[in-house]
Amino acid sequence: MTQRSGRPNIDATSSGATPSRAILAERAATMQALHPVVQLLALTIGPNVEVVLHDLTTPEHSVVAIANGHLSNRTVGSAIIAGPKDDKGFHEARRQLTASGSREHSLIGHYVTVTSAGVKLRSSTVIFRDSAGVPYAALCVNSDLATFRDMHALLETYLHPRAEPIREQQTQPAIDALMREIIDEAVRRSGKSVGLMKKEEKKLAVKAMLQRGLFLVKGGVERAAEALGVSRFTIYNYLEALRQRGGASDADTE
């Protein structure tokens, strides 16, 4: 992770330089090609499999295409932090946003995630890199595990597919509410009020916020600093300390 003016580089769109027109055109062409793939997979596999296309350069509203979003209660425009919990694909995408050089796409397959409603999903993710080696998109497939416990229902769905009725776009939780939830949960882990928390406890709270993706979203550092009663500079110091310990990349990967 590089530094500029004493600040760790944690922005999702940072790659050391502004992408060239050729790179931007390449990304746009790939994203356009992937949109119908989302619908194709959903039609082929059935209504119990969610297919999501993320634009990693816009984490505040990363979902650009989604099929069967009822599984995770997301629609187009949802934030990256609104996804299922324990998402190794998300953690890997966040880790790779600070990496560069490799031009190979990454596949993270067959891991379990949990929706906010407690539903277990079997998930797989492909992370796409441009020709400069910068990750910019992710295609995720999330299958409801309950479906596969009933083979008869699965076969009926496959042999007699029915088009899912058009769903009106649901109102998503405001990004502010999601950020507040992440911060509150991280602070509660200490079991103390902020005024009684020691430095290491605040640092652990920042680590929990990092693992939930708070610092991918604009304003995350400022929100964390205000909640913990410290300066933005202190939050950056905590993040740098976590990076040196490995906490900013690998500590949350099972």
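For the structure, see preceding data.
The following paragraphs examine the structure supplied in this document. Per-chain numbering applies: the sequence of each chain, read as written, is numbered from 1 onward. A pLDDT threshold of at least 70 governs which residues receive local features in this predicted model, and a stricter bar of 80 or more applies before side-chain atom pairs are shown or counted, although totals over entire chains, interfaces and linings include all residues. Side-chain metrics in this entry use all non-hydrogen atoms of the structure; hydrogen atoms and water are not considered.

**Thoughts on the side chain of Ser-123**
- Each helix corresponds to a stretch of at least 4 residues labelled H or I by DSSP, and each strand to a stretch of at least 2 residues labelled E; elements are numbered beginning at the N terminus. As for its position among the elements, Ser-123 is in strand S6 (residues 120-129).
- With relative accessibility at 0%, the residue Ser-123 sits in the buried group.
- Within the local environment of Ser-123, its side chain forms a polar contact with the side chain of Asn-142, the two groups lying 2.6 Å apart.
- Here Ser-123 is in contact with Gly-109, His-110, Tyr-111, Thr-113, Val-141 and Asn-142, once residues within four sequence places are set aside. Under the scheme applied here, a residue whose accessible area is under 20% of the maximum for its type counts as buried, over 50% as exposed, and between as partly exposed, the area being computed with a 1.4 Å probe on protein chains only. For the purposes of these results, a polar contact is taken to be a pair of N or O atoms within 3.5 Å, where, inside protein, one atom must be able to donate a hydrogen and its partner to accept one; residues adjacent in sequence count only when each atom of the pair is a side-chain atom. Whether two residues are in contact is decided by their heavy atoms: any pair within 4.5 Å suffices.

**As for the pattern of salt bridges**
- We define a salt bridge as a side-chain nitrogen of Lys or Arg found within 4 Å of a carboxyl oxygen belonging to Asp or Glu. Inspection of the entire model under this criterion finds 10 salt bridges.
- Taking the shortest distance from any N to any O, the salt bridge between Arg-27 and Asp-130 comes out at 2.8 Å. Within this pair, whereas Arg-27 is found in helix H1 (residues 21-45), its partner Asp-130 is found in the loop between S6 and strand S7 (135-144), the two being separated by 103 residues in sequence.
- Residue Arg-27 is classed as buried on the basis of its relative accessible area of 12%.
- Two residues, Glu-185 and Arg-189, come together in a salt bridge whose shortest N-O distance is 3.9 Å.
- On the basis of relative accessible area, Glu-185 is assigned to the partly exposed category, the value being 24%.
- Its relative accessible area of 57% is what places Arg-189 among the exposed residues.
- Each of Glu-181, Glu-185, Arg-189 and Arg-212 takes part in a single network of salt bridges with overlapping partners.

**Comments concerning the nonpolar core**
- Remark: nonpolar core denotes a set of buried residues (Ala, Val, Leu, Ile, Met, Phe, Trp, Tyr, Cys) joined through side-chain atoms within 4.5 Å. Within the largest apolar cluster, 37 residues are counted, with the highest numbers of intra-cluster contacts made by Ile-81, Val-206, Met-209, Leu-214, Phe-215, Leu-228 and Ile-235.
- Of all elements in the fold, only strand S4 (63-67), strand S5 (106-114), S7, helix H4 (175-188), helix H5 (199-211), helix H6 (220-228) and helix H7 (232-245) reach the threshold of two or more residues within this core.
- Among the elements that take part in this core, H4 stands out by supplying 6 residues, more than any other.
- Setting aside anything within four residues of it in sequence, one finds Met-209 in contact with Ile-182, Ile-183, Ala-186, Val-187, Leu-214, Phe-215, Ala-224 and Leu-228.
- Core analysis: the next-biggest nonpolar cluster, separate from the first, contains 13 residues, Met-31, Leu-34, Ala-42 and Tyr-136 among them.

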